[in-house]
Amino acid sequence: MKMIRHCVGITWFLWAGLVVSLVGGCASSAHMRTQADDHYRLAQSYLSNESPLLAEQEIRKALALRPDDARYLECLALIHQVQVYQAQGTLNLTRLQLAEEAYRAALRQADAPPSVLVNYSTVLLLGERPDEASVMAQRALQVPGYDQPARAYTNIGIAYLKKGALTQAVEYFRKALDYQANLPEVYHNLGIAYAGLG
């Protein structure tokens, strides 16, 4: 009888230890997520205030805590993307490559938002890859509930413009304006397409 009580006591002790460990692990995980989100929000703030180096420091802290978060990877890609343009209108190809790698990493995550597809299509356009850019933007449009189709249509229009398919470019620029009428970039590119059509 003592042996059975002893075994039951050990079993309960181990079970209690497992429960405490799981609860502690969940609390620790929630704390890490909160810390990572704080770094993410700070990175977004720095980015919106045109401080990409500080933004990159913060997003890397967030990624150190949660390396597979699609939002954080997209933010890192955007940080690289804003640093692509250099003086005299040249492109920093290293930053362009880093942005592309971060977008690809974000797209490998199951929870990647459709904005990743559209932002990645912008990077592909900068890299003179209009066919791939168009495919990415089209994929974003297929996501149920995507709430910024004007951006996707704009990128598809630019892809057609780059390929010299001016009629299709006009069609997609018009679709973009149907969703959002105040897009100077679209009006500019629409003017280029109309000028090319004569």
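The rules we used
Residues numbered from 1 in each chain as written. Predicted model: local features only at pLDDT ≥ 70, side-chain atom pairs only at ≥ 80, totals over all residues. Heavy atoms only, no water. Helix = DSSP H or I, 4+ residues; strand = E, 2+ residues; numbered from the N terminus. Buried < 20%, exposed > 50% of the residue type's maximum accessible area, 1.4 Å probe, protein only. Contact = heavy atoms within 4.5 Å. Areas by Shrake-Rupley, 256 points an atom, 1.4 Å probe, with all protein chains shown as cover. Salt bridge = Lys/Arg side-chain N within 4 Å of Asp/Glu carboxyl O. Phe/Tyr/Trp six-rings, centres within 6.5 Å; stacked < 30°, edge-to-face > 60°. Axes fitted to C-alpha atoms, helices over the stretch in contact; angles between N-to-C directions. Parallel < 35°, antiparallel > 145°, perpendicular 65-115°, else oblique. Left-handed = near helix turned anticlockwise from the far one by under 90°. Nonpolar A, V, L, I, M, F, W, Y, C, P; charged D, E, K, R; others polar. Core = buried A, V, L, I, M, F, W, Y, C linked by side-chain atoms within 4.5 Å.

Caption draft 1: Quick peek at the overall build of the protein. Looking only at helices and strands, the protein features 9 helices and 0 strands. Reading the protein from its N terminus to its C terminus gives the helix and strand order α-α-α-α-α-α-α-α-α. The buried share of the protein, taken over its 198 residues, is 39%. In the protein, of all internal contacts separated by at least 6 residues, the share reaching a separation of at least 24 is 50%. Per element, the accessible surface of the protein, about 11700 Å² overall, is 58% carbon and sulfur.

Caption draft 2: Up close: the pattern of salt bridges. Summed over all chains, the structure comprises 13 salt bridges. One salt bridge in this structure joins Glu58 and Lys61, with 3.3 Å as the shortest N-O distance. Residue Glu58 and its partner Lys61 are located together in helix H2 (residues 52-65), separated by 3 residues, close to a single helical turn. Given a relative accessible area of 8%, Glu58 falls into the buried group. You can call Lys61 partly exposed: its relative accessible area is 41%. Note that Arg71 and Asp69 form a salt bridge whose closest N and O atoms lie 3.1 Å from each other. You can call Arg71 partly exposed: its relative accessible area is 32%. Judged by its relative accessible area of 6%, Asp69 is buried.

Caption draft 3: Up close: the packing of aromatic side chains. Tallied over the entire structure, the rule returns 5 aromatic pairs. Geometrically, the ring pair formed by Tyr160 and Tyr172 is stacked, given 5.6 Å between the ring centres and 20 degrees between the ring planes. Within this pair, whereas Tyr160 is found in helix H7 (residues 149-163), its partner Tyr172 is found in helix H8 (residues 166-179), the two being separated by 12 residues in sequence. Each member of the pair, Tyr160 together with Tyr172, is buried. Grouped by ring-pair contacts, the aromatic residues Tyr153, Tyr160, Tyr172 and Tyr179 constitute a single cluster.

Caption draft 4: Summary view of the packing of helix H5 (residues 114-126) against helix H6 (residues 130-141). As a packed pair, H5 and H6 sit with axes 8 Å apart at the nearest point and diverge in direction by 165 degrees. Classified by the interaxial angle, the pair formed by H5 and H6 is roughly antiparallel. Relative to H6, H5 is oriented so that their crossing is left-handed. Across from Pro114, Leu117, Val118, Tyr120, Ser121, Leu124 and Leu125 in H5, the residues of H6 making contact are Pro130, Glu132, Ala133, Met136, Ala137, Arg139 and Ala140. Along the lines of polarity and charge, the residues of the contact of H5 with H6 split into 11 nonpolar, 1 polar and 2 charged.

Caption draft 5: View of the packing of H8 against helix H9 (residues 184-197). Packing of H8 against H9 leaves a shortest axis separation of 9 Å and a crossing angle of 150 degrees. As far as their axial angle goes, H9 and H8 are roughly antiparallel. The two elements H8 and H9 meet at a crossing, and its hand is left-handed. Touching Leu166, Thr167, Val170, Phe173, Arg174, Ala176 and Leu177 of H8 are Val186, Tyr187, Asn189, Leu190, Ala193, Tyr194, Gly196 and Leu197, all from H9. For the contact of H8 with H9, the class distribution of residues is 11 nonpolar, 3 polar and 1 charged.

Caption draft 6: The arrangement of the nonpolar core in detail. Ranked by internal contacts, the top residues of the largest apolar core, which has 54 residues, are Ile59, Tyr72, Tyr103 and Phe173. Setting aside chain neighbours within four positions, we find Phe173 in contact with Thr154, Gly157, Ile158, Leu161, Val186, Asn189 and Leu190.

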